[in-house]
Amino acid sequence: MVGFVAVHTGVGNCINELHYRNVSRDACTAGIETVRNGGSALDACEVAITHLENSPVTNAGFGSNLTWDRTVECDASIMDGQTLNFGACTNVSDVKNPIKLARFICDLQSKTLAHGRVPPMVVSGEGASKIAKEMGLHLVDDPEELISEKALNCFNHYKDLVNSKAMAKNGTHCSPLDTVGAVCVDGDGNVAAGCSSGGIILKTSGRVGQAATYGAGCWAVNDTDRCIATCTTGMGEYLMKTLLAREIVNDLIHCQCPVTSLNKTFKEKFLDSPYLKTPEPLYAGALTILYDPTSGTGDLLWSHTTAAMCIGYMGTSFRKPKFLCSELPSNCKSGRTTVVSGKQFTLPT
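Let us look at the structure shown here. (Residues numbered from 1 in each chain as written. Predicted model: local features only at pLDDT ≥ 70, side-chain atom pairs only at ≥ 80, totals over all residues. Heavy atoms only, no water.)

Within the structure shown, the criterion is met by eight aromatic pairs. When the centroid spacing of 4.0 Å and the interplanar angle of 5 degrees are considered together, the rings of Phe4 and Phe345 count as stacked. With Phe4 in strand β1 (residues 3–12) and Phe345 in strand β13 (residues 339–346), this pair connects stretches of sequence that are 341 residues apart. By relative accessible area, Phe4 is classed as buried at 2%. Phe345 gets classed as buried once you look at its relative accessible area, which sits at 7%. Each member of the aromatic cluster is reached from another via a ring pair, and the members are Phe4, Tyr291, Tyr313, Phe318 and Phe345. Just above the ring of Trp68 sits the side chain of Lys159; from NZ or CZ to the centre is 4.4 Å. Here the guanidinium or amino end of Lys322 rests over the ring plane of Phe318, the centre of that ring lying 5.6 Å away. (Phe/Tyr/Trp six-rings, centres within 6.5 Å; stacked < 30°, edge-to-face > 60°. Helix = DSSP H or I, 4+ residues; strand = E, 2+ residues; numbered from the N terminus. Buried < 20%, exposed > 50% of the residue type's maximum accessible area, 1.4 Å probe, protein only. Lys NZ or Arg CZ within 6 Å of the ring centre and 35° of its normal.)

Laid out in C-alpha cells, this is it:
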C-alpha cells in the first residue's frame with residue numbers, strides 16, 4: 001500500500017523547533033505505518049493527529065490551551081474526500097483524543113439512527129462525552145489530567161498580563177496558536193484532512209473554534225481531475241468568518257498554478273476579506289495536498305501569514321519523515337503578508 005501524510009503543529013512563533021520536529025516525525029511515521037498496513041487516508045489522518053494530541057508541546061488534547069476559567073475545552077474535526085462526510089466535536093473536556101470522537105461522528109454520517117433520525121455532524125460538551133464513553137474511547141477521570149505544565153505556565157503568564165493590564169497597554173496579544181492538523185492521500189487517490197485544537201489561550205468558556213467548524217478547519221474533496229485536502233490554523237474567529245479551508249480547496253480545484261491560487265485565496269479571501277474589516281494583524285496558516293490519481297503525482301503546499309509554521313511529511317517510499325520550519329522573510333510584516341511554498345511528491349500507481 002502507498003500513501004503520503006503531512007502534519008503541522010500550528011502557526012506563530014516557533015520557540016523550540018526541536019520539540020515540533022520530534023512530534024511531527026512521530027506523527028508522520030505513525031500515519032504512514034497505518035497506510036502501509038492497509039489503512040485509508042482517513043485512518044492515517046486520525047492516527048497522525050492522535051499522536052499530535054498526545055504530545056505536551058502542542059495545543060491539542062493533552063497540553064491544550066486553557067480557557068479564561070482555567071479549564072480544557074477541545075475542538076476537533078475530520079473530513080473524508082471520498083464520501084465528503086464531516087464529523088466534529090467541541091467543548092470536550094474529558095476525552096483524551098478528540099480526533100477519535102470526530103472520526104466516529106464522521107463515519108456516522110453514512111448511517112441512519114434508530115427511528116429514522118438524522119445523525120449529528122457536530123457534538124458538544126456532555127453529550128459528546130457520553131457518546132465517547134459509549135464507543136469505548138479513553139476518557140480521563142479528572143479533566144486536570146489534560147493540563148500540561150507548559151499549558152499551565154502559559155495560562156498563568158497571560159492571566160498575569162491581563163490582571164496587570166500590560167496586554168492592553170503594550171498591545172500584546174495571546175500568541176500560542178499551535179493548533180495541529182494533518183492531510184493525507186492513499187494509494188486509491190482518496191484524501192482526508194483533520195485538525196484538533198485546545199483553542200486560543202484565555203478563550204471564553206463555551207467558545208467554538210475553527211477546528212470544529214464546517215468549512216473553516218478542514219476540507220477534503222476527491223474531484224475528477226485532482227484530489228485536494230487542507231487543514232487550517234490561526235485565529236479561529238477569522239478563519240470561521242471566511243470559511244478559509246473550503247475557499248482554499250474550491251479555488252484550487254480548477255486552477256492552473258496552485259501556488260498562485262493559494263496566494264490569491266489568502267490575499268482576496270482572508271487578508272482583504274470584507275468580513276475582516278479590522279486594523280489588527282490577521283494570522284492564519286494552511287497545509288494542503290493536491291493529488292492527481294492519474295499520474296500519481298502530487299503537491300504538498302503550506303501557506304501562512306505568521307512568523308513561522310512547522311511541518312512534517314512522509315511518503316511510503318521515504319526511509320524517514322522530513323521536517324521543516326517555514327519562516328516569513330524578515331522584510332515582510334507578520335499578519336499582513338502570505339508565504340506560500342511546497343514540495344512535489346509521487347506515489348507509485
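A positive phi angle, near 65 degrees, is found at Leu84, a position not held by glycine. The residue Leu84 is located in the loop between β2 (74–80) and β3 (86–92) in this model. Given a relative accessible area of 45%, Leu84 falls into the partly exposed group. One non-glycine residue, Leu202, lies in the positive phi region at around 65 degrees. Its location among the elements puts Leu202 in the loop between β6 (191–197) and β7 (218–222).

With that out of the way, let us pick up the packing of helix α2 (residues 41–54) against helix α3 (residues 98–108). At their nearest, the axes of α2 and α3 sit 8 Å apart, and the two run at 155 degrees to each other. In terms of orientation, α2 lies roughly antiparallel with respect to α3. Where α2 abuts α3, its residues Leu42, Asp43, Glu46, Ile49, Thr50 and Glu53 lie against Pro98, Ile99, Lys100, Arg103, Cys106 and Asp107. Residue composition of the contact of α2 with α3, grouped by class: five nonpolar, one polar and six charged. (Axes fitted to C-alpha atoms, helices over the stretch in contact; angles between N-to-C directions. Parallel < 35°, antiparallel > 145°, perpendicular 65-115°, else oblique. Contact = heavy atoms within 4.5 Å. Nonpolar A, V, L, I, M, F, W, Y, C, P; charged D, E, K, R; others polar.)

Spatially, eight strands are ordered β4-β3-β2-β6-β5-β1-β11-β12 in an open sheet, and the strand pairing comes out mixed. Bordering the open sheet on either side are β4 (122–124) and β12 (322–327), each of which pairs with just one other strand. Neighbour-to-neighbour, the strand axes of this sheet turn through a mean angle of 10 degrees, independent of strand direction. Bridge count between strand β5 (residues 180–186) and β6: six bridges; the pairing is antiparallel. Opposite Cys184, over in β6, you have Ala192 as the bridge partner. Where helix α1 (residues 17–36) meets the sheet, its contacts fall on β1, β11 (308–315) and β12, and the angle it forms with β1 comes to roughly 155 degrees. Across the sheet, helix α4 (residues 125–134) is in contact with β3 and β4; its angle to β4 comes to roughly 105 degrees. (Pairing = 2+ DSSP bridges.)

What follows covers the sheet that holds strand β10 (residues 297–304). The sheet built from five strands is open, its strands ordered β7-β8-β9-β10-β13 with antiparallel pairing. The sheet is open, and its two borders are formed by β7 and β13, each paired with just one other strand. Each strand axis lies, on average, 10 degrees off the axis of its neighbour in the sheet, ignoring direction. Summarising the sheet, β10 and β13 pair through eight bridges and their orientation is antiparallel. Bridging from a neighbouring strand, Leu300 pairs with Lys343 of β13.

Our next topic: α2. Every α-helix winds through 3.6 residues per turn, so residues three or four apart in the chain are directed the same way. Given a rise of 1.5 Å per residue, 14 residues ought to cover 20 Å, and the 20 Å separating the end C-alpha atoms of α2 matches this to within 8%. Across the 14 residues of α2, ten count as buried, placing the element largely inside the fold. Those residues of α2 that fall on the buried side of the exposure criterion are Ala41, Leu42, Ala44, Cys45, Glu46, Ala48, Ile49, Thr50, Leu52 and Glu53. (Expected span 1.5 Å × (residues − 1).)

It is worth spelling out the nonpolar core at this point. As a rule of thumb, nonpolar side chains are buried together in soluble globular proteins. If you look at the biggest cluster of nonpolar residues, it comprises 54 residues, and the most contacted ones within it are Phe4, Val183, Val185, Phe270, Leu287, Ile289 and Leu300. Ranked by residues supplied to this core, first place goes to strand β9 (residues 284–292) with six residues. Excluding its chain neighbours within four sequence positions, the residues that come into contact with Phe4 are Ile32, Val183, Cys184, Val185, Ile289, Leu300, Tyr313, Met314, Gly315, Phe318, Phe345 and Leu347. Counting 42 residues, the second-largest nonpolar core is a separate cluster that includes Ile32, Cys45, Ala128 and Cys325. (Core = buried A, V, L, I, M, F, W, Y, C linked by side-chain atoms within 4.5 Å.)

On to the side chain of Asp75, then. One can find Asp75 in strand β2. An unpaired buried charge is present at Asp75: no salt bridge exists, and Lys203, the closest side chain of opposite charge, is 4.4 Å distant. There is a polar contact of 3.4 Å between the side chain of Asp75 and the backbone nitrogen of Asn91. Excluding residues that lie within four positions of it along the chain, Asp75 makes contacts with Cys89, Thr90, Asn91, Cys195, Ser196, Ser197, Lys203, Arg207, Val208, Gly209, Ala211 and Ala212. (Lys, Arg positive; Asp, Glu negative; His and termini not counted. Salt bridge = Lys/Arg side-chain N within 4 Å of Asp/Glu carboxyl O. Polar contact = N/O pair within 3.5 Å; in protein donor to acceptor, adjacent residues only side chain to side chain.)

This brings us to the pattern of salt bridges. Taken as a whole and assessed by the stated rule, the structure comprises eleven salt bridges. With a shortest N-O distance of 3.8 Å, Lys100 and Glu46 are connected by a salt bridge. Separated by 54 residues along the polypeptide, Lys100 in helix α3 and Glu46 in helix α2 bring together distant segments of the chain. The closest approach of N and O atoms between Glu247 and Lys269, which form a salt bridge, is 3.0 Å. Of this pair, Glu247 sits in helix α8 (residues 244–252) while Lys269 sits in helix α9 (residues 258–271), and the two are 22 residues apart along the sequence. Owing to a relative accessible area of 25%, Glu247 belongs among the partly exposed residues under this scheme.

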